[in-house]
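Residues per chain are reported as follows:
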Amino acid sequence: MVIDIHNHFFPAAWPDLAERYATPNWPWIKHTEPGKADIMVGERFFRHIYSACWDPDVRLEEMNRDSVEMQVISATPVLFAYDRPVEHALDCARLFNDAALEICGRGKGRLKSLCQVPLQDIDAACAELSRSMRAGHLGVQIGNHVGEKNLDDPGIVTFLHHCADEGAAVLVHPWDMMGQTRMPNYMMPWTVGMPAETQLSVVALILSGAFDKLPENLRICFAHGGGSFAFLLGRLENAWHHHPVAHGACQFPPSHYLNRFYVDSAVFDQHALQFLVATMGDDRVMLGSDYPFPLGEERVGALIRGSRLSRQAKEQLLGGNAQRFLGLDGKASETKASGDATSAAELAHPTGEQLTYSSYLKIPELLELQQPQSSPQHHDELLFIIVHQTYELWFKELLHDLDAVVANLQAAGAHPGSRDEVYEAARLLRRCTEITRVLVEQFTILETMLPTHFLAFRDKLEPASGFQSEQFRELEFLCGLKDEKMLRYHKPTPEAHAQLERRLRDPSLHHVFFEALRGLGKLAALPETATERERFDARARAVQALYQDDRHHRDWIDVCERLTEFDELVVSWRLRHIQLVERTIGVNMGTGGSTGASYLKLTLEKKFFPELWEARTLLMK
Ligand code: HEM
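Everything numeric here is computed off the predicted structure, so don't read it as measured data. (Residues numbered from 1 in each chain as written. Predicted model: local features only at pLDDT ≥ 70, side-chain atom pairs only at ≥ 80, totals over all residues. Heavy atoms only, no water.)

A. Here's a closer look at the nonpolar core. Residues Leu119, Ile142, Phe159, Ile220 and Phe261 are the most contacted members of the largest nonpolar core, which totals 90 residues. When near neighbours in sequence (up to four residues on either side) are disregarded, isoleucine 142 contacts Phe80, Tyr82, Val117, Leu119, Leu151, Phe159, Leu160, Val170, Leu171, Val172 and His173. (Core = buried A, V, L, I, M, F, W, Y, C linked by side-chain atoms within 4.5 Å. Buried < 20%, exposed > 50% of the residue type's maximum accessible area, 1.4 Å probe, protein only. Contact = heavy atoms within 4.5 Å.)

Have a look at this one:
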């Protein structure tokens, strides 16, 4: 099922709005020759259009040409009328909403529609949305702002709530572009202003904390690939982590919210599409063409079909995701937050074909990932690969959870009165310690491999080495052990190198934890001239003070205990790894060029949170 969720209609005729409301400069259609027309705004020319805008037969023919099964049509933003008196805008919305249904009625079941609403008046907007949903629309198209109000305006957030309640899909379209006096030429309001408008809307919804408040079953999509949002997400994330003022009111870093909205595929470039899918995920991008306007995709769907995405990803982008977005997958809402396995599975697989255990977990792809190098294949090489891969999977989960711990502790530091984030940090840290416990144990499986078995394929590994485990180093950097020298092992993999450089710059868990204690009033500011030793002692004393006041700080003590346990378990991991190394290769050099076990023994001294250990000494004094 190929569904185009972003394309526009324009009825062949409608009443003279200027006369109807006795105000000038309303849009109207001027037919110039058979099948052709101009959209006019008052006396000003706006755009050439052709019969596909109003004639369902022409649309269907072109849909057949492009192998598109369904189009979801929406009005042209020039009709929004958000700057008009609400009674005019409401009347106008009704006119075009009814006209849309009339066109769909002649579309042989292949045309569906999104309504428009007078968004300058939230009550009227909600009422028209409900009326339209009852009449057969699948959702609503809204402009990305109403005058000076962005989408995080409390009234608009209320409207979005209402959309979620009504099960209405929301398509956000940029309009009334910023900075137009500086962009009088070259269609720059469309090529520069529109992407910036859309980015502004996404950022406003995230940073205002609106996504934290809006229900998870809200289905909202941003046109034109979400504008400049995806490309500048790194910049946003960087600001969020480094400048408290850029934090806004959201609970988590901006990238946390990527699963709360969709974008369409109208980016017109293979690299851009690839990047968009890599950023948003292949379950968040949907075919949107901007058909039949001049800036639309000429052959609808060609960009996705001609991409290097997997067959399954293409299917999702071409229609599967849209079915979920539009509520055509048999469910009114996409998440009921039930958390049970079935609904999670349903969510992840929107297409008509039934989800299976295997397709959800991508088992075929997973089982393709073990590629032994020995030839003929040595029996134990498969074990060697699988054990390492499972470690890396768990490292991924640890990074995922520890990033959330950082965000929670940052929030806790910013709001010392609130305890929710402290509890959440402690809960997630408990998960991290449980995972690490498993990681310590897991070495025993590899110890069933004889040293001679390892030697049978070891020469194939050189110079691959645990030194090159990007995620292990990320974990160290994230927790606070930042050693720039270790970057040299990642020179052969520029992406890993860049990611580690980012981790070096980002605030560590260690830093965030003590900043939170500062926010709590436990860690006094020291003069600029204070030595590193004096700073260390001050941090240890702050922890000591927490423990000594356990009547008031049970929650923070719990966090300290979890961090200490995590530290302890990572040292256990290092120790068990050394034992494995000695048992397998004795005191020989490693494939990464180190002195092997004797080098690794030096790492046993490493601690993420030495102050937590020092505090124990202080408590006894
Ligand atoms: C037969 C099994 C193994 C042997 C002989 C072995 C050997 C070594 C050696 C000698 C080093 C030091 C660097 C070098 O010169 O290469 C090292 C580092 C490392 N290995 Fe292993 N290893 C084994 C299994 C594992 C497993 C299962 C993991 C799990 C992820 C792992 C993760 C690491 C990591 C992360 C480092 C870097 C440690 C650091 O820099 O502190 N190794 N390994």
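B. View of the coordination of the iron atom of the ligand. There is one protein donor for the iron atom of the ligand, and it is His577 (NE2), at 2.2 Å. Here histidine 577 lies in helix H22 (residues 554-585). (Donors = N, O, S within 2.8 Å, 3.2 Å for Na, K, Ca; no water. Helix = DSSP H or I, 4+ residues; strand = E, 2+ residues; numbered from the N terminus.)

C. Seen up close, the site of the ligand. Among the 29 residues in the neighbourhood of the ligand, the closest are listed as Ser465, Arg473, His577, Gly592 and Ser594. Between the ligand and the protein, one listed contact pairs an oxygen atom with a side-chain N or O atom of arginine 473 at 2.8 Å. Between serine 594 and the ligand, the recorded distance is 2.7 Å, taken from a side-chain N or O atom to an oxygen atom. Elements supplying a minimum of two residues to the shell around the ligand: helix H15 (381-414), helix H16 (420-446), helix H18 (470-479), H22 and helix H23 (597-602). When its residues are assigned to classes, the shell around the ligand shows 15 nonpolar, 12 polar and two charged. (Near = heavy atom within 4 Å. Polar contact = N/O pair within 3.5 Å; in protein donor to acceptor, adjacent residues only side chain to side chain. Nonpolar A, V, L, I, M, F, W, Y, C, P; charged D, E, K, R; others polar.)

D. Expanded view of the environment of glutamine 373. Take glutamine 373: it is sitting in the loop between helix H14 (363-367) and H15. Note: C-alpha distance between glutamine 373 and leucine 355 (18 residues apart in sequence) is 34 Å. At 3.4 Å, the side chain of glutamine 373 forms a polar contact with the backbone oxygen of glutamine 371.

E. Examining the packing of H15 against H18 more closely. Two elements in contact, H15 and H18, have axes whose closest approach is 9 Å; the angle formed by their N-to-C orientations is 20°. Viewed along their axes, H15 and H18 adopt a mutual orientation that is roughly parallel. The two elements H15 and H18 cross, and the hand of that crossing is left-handed. When H15 is examined against H18, the residues Glu392, Phe395, Lys396, Leu398, Leu399, Leu402, Asp403 and Val406 are found in contact with a partner set consisting of Gln471, Phe472, Glu474, Leu475, Leu478 and Cys479. (Axes fitted to C-alpha atoms, helices over the stretch in contact; angles between N-to-C directions. Parallel < 35°, antiparallel > 145°, perpendicular 65-115°, else oblique. Left-handed = near helix turned anticlockwise from the far one by under 90°.)

F. Summary view of the sheet that holds strand E11 (residues 285-286). Taken in spatial order, the eight strands make up an open sheet running E1-E5-E6-E7-E8-E9-E10-E11, and their pairing is parallel. Of all the strands in the sheet, the pair left with one neighbour each is strand E1 (3-8) and E11. Pairing analysis gives four bridges linking E1 to strand E5 (residues 70-74), with the strands arranged parallel. Bridge pairing in E5 links aspartate 4 to glutamine 71. (Pairing = 2+ DSSP bridges.)

G. Local environment of helix H2 (residues 56-65). Of the positions making up H2, those classed as buried are Pro56, Arg59, Leu60, Glu62 and Met63. Viewed end-on, H2 has its buried residues packed into an arc of 165°, placing them on one side of the element. At its buried positions, H2 is contacted by E1, strand E4 (44-50), E5, helix H3 (86-105) and strand E6 (111-115). Two to three positions downstream of the cap, the backbone nitrogen of aspartate 57 sits 2.9 Å from a side-chain oxygen, assigning the N-cap of H2 to aspartate 55. Two residues or fewer past H2, serine 67 is found with a positive phi of approximately 55°. (Arc of directions from axis to C-beta.)

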